[in-house]
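So you can see what is in the structure, the chains are spelled out below.
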Amino acid sequence: MFRMWMKIFKENRLLQDTVISVDDPEMTRTAKIFHAVSEACLCFDLSQPIWLDANIREFQRHSKTRFTQDNFVEEISFDFLEVHIIEEY
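Residues numbered from 1 in each chain as written. Predicted model: local features only at pLDDT ≥ 70, side-chain atom pairs only at ≥ 80, totals over all residues. Heavy atoms only, no water.

1. Thoughts on the overall build of the chain
Inclusion rule: A helix here means a DSSP run of H or I that spans at least four residues, while a strand means a run of E at least two residues long, and both kinds are numbered starting from the N terminus. Taken over C-alpha atoms, the radius of gyration is set against a globule rule of 2.2 Å times the number of residues to the power 0.38. Residue burial is assigned from relative accessible area. The probe radius is 1.4 Å, only protein chains are included, and a residue is buried under 20% of its type maximum, exposed over 50%, and partly exposed in between. Only heavy atoms enter the contact rule, under which two residues are in contact if any of them lie within 4.5 Å. Think of it this way: Lys and Arg go in the positive column, Asp and Glu in the negative one, and His and the chain ends go nowhere. Where a charge lies is defined by one atom per residue type, namely NZ (Lys), CZ (Arg), CG (Asp) and CD (Glu).
A tally of helices and strands in the chain yields two helices and four strands. When the elements of the chain are put in sequence order from the N terminus, they spell out β-β-α-α-β-β. Over its C-alpha trace the chain gives a radius of gyration of 12 Å, about what one expects of a compact globule, namely 12 Å for 89 residues. Counting every position in the chain, which comprises 89 residues, the buried fraction comes to 35%. Summarising the internal contacts of the chain: among those between residues at least 6 apart in sequence, 45% fall at separations of at least 24. One way to put it: in the chain the 10 positive side-chain charges average out to a point 8 Å from where the 16 negative ones average out.

Structure follows, in structure tokens:
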């Protein structure tokens with residue numbers, strides 16, 4: 001089971017959140033992460049964020065990162081999208 005929590009914040013307030021579960025044992029961890037982010041973006045009606053080197057390093061260290069306006073091609077109406085692995089086995 002793999003679960004990732006996605007949260008949208010504006011002015012330090014949680015606007016929206018969702019938990020995406022991935023139950024495919026044949027997928028790699030990276031594939032599960034990209035799949036979960038993709039599903040959350042569909043849920044939130046967002047474009048896919050661009051993973052910058054800083055996001056990758058932070059995610060590797062803490063299993064958590066934030067995507068700000070710098071990570072999106074389109075204009076966003078919030079301060080950041082936070083992704084966090086909450087369960088992985």
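2. Some remarks on the sheet that holds strand β3 (residues 64–67)
Keep this limit in mind: One requirement defines pairing of two strands: DSSP has to find at least two bridges between them. As a rule, the C-alpha atoms of each element are fitted with a line to give its axis, helices using only the stretch in contact, and angles between N-to-C directions run from 0 to 180 degrees.
Taken in spatial order, the four strands make up an open sheet running β2-β1-β4-β3, and their pairing is antiparallel. The open sheet has two edge strands, β2 (13–22) and β3, and neither has a second partner. Between one strand and the next, the sheet's axes are offset by a mean angle of 20°, whatever the strand orientation. With eight bridges joining them, strand β1 (residues 2–10) and strand β4 (residues 80–88) adopt antiparallel strand pairing. Each bridged residue has a counterpart across the sheet, and for R3 the counterpart in β4 is E87. Each of β1, β3 and β4 touches helix α2 (residues 53–62); the most contacted strand, β3, lies at about 155° to it.

3. Re the packing of aromatic side chains
Stated precisely, the cut-off is as follows: Here a pair means two rings of Phe, Tyr or Trp (six-membered ring of Trp) with centres within 6.5 Å. Their orientation is stacked below 30 degrees between planes, edge-to-face above 60, and tilted elsewhere.
For the structure on display, the rule yields five aromatic pairs. Arranged with centres 4.9 Å apart and planes meeting at 25°, the rings of F9 and F80 form a pair that is stacked. Taken together, the residues span a long stretch of sequence, with F9 in strand β1 and F80 in strand β4 at a distance of 71 residues. Just as F9 is buried, F80 falls in that class too. Taking the centre distance of 5.0 Å and the plane angle of 80° together, the rings of W51 and F67 count as edge-to-face.

4. Quick look at the environment of S77
Following the sequence through the fold, S77 ends up in the loop between β3 and β4. Look at S77 and you get exposed, because its relative accessible area is 58%. Considered as a pair, S77 and K7 are 70 residues apart in the sequence and their alpha carbons are 13 Å apart.

5. Describing the nonpolar core
As a rule of thumb, soluble globular proteins bury nonpolar side chains together. What counts is decided by this rule: What we call a nonpolar core is a set of buried Ala, Val, Leu, Ile, Met, Phe, Trp, Tyr and Cys residues that are connected through their side-chain atoms within 4.5 Å.
Counting residues in each nonpolar core, the largest one holds 20 residues, and the members touching the most others are F2, M4, M6, L81 and V83. Of all the secondary-structure elements, those providing two or more residues to this core are β1, β2, α1 (29–44) and β4. Top element by residues in this core is α1. It accounts for six residues.

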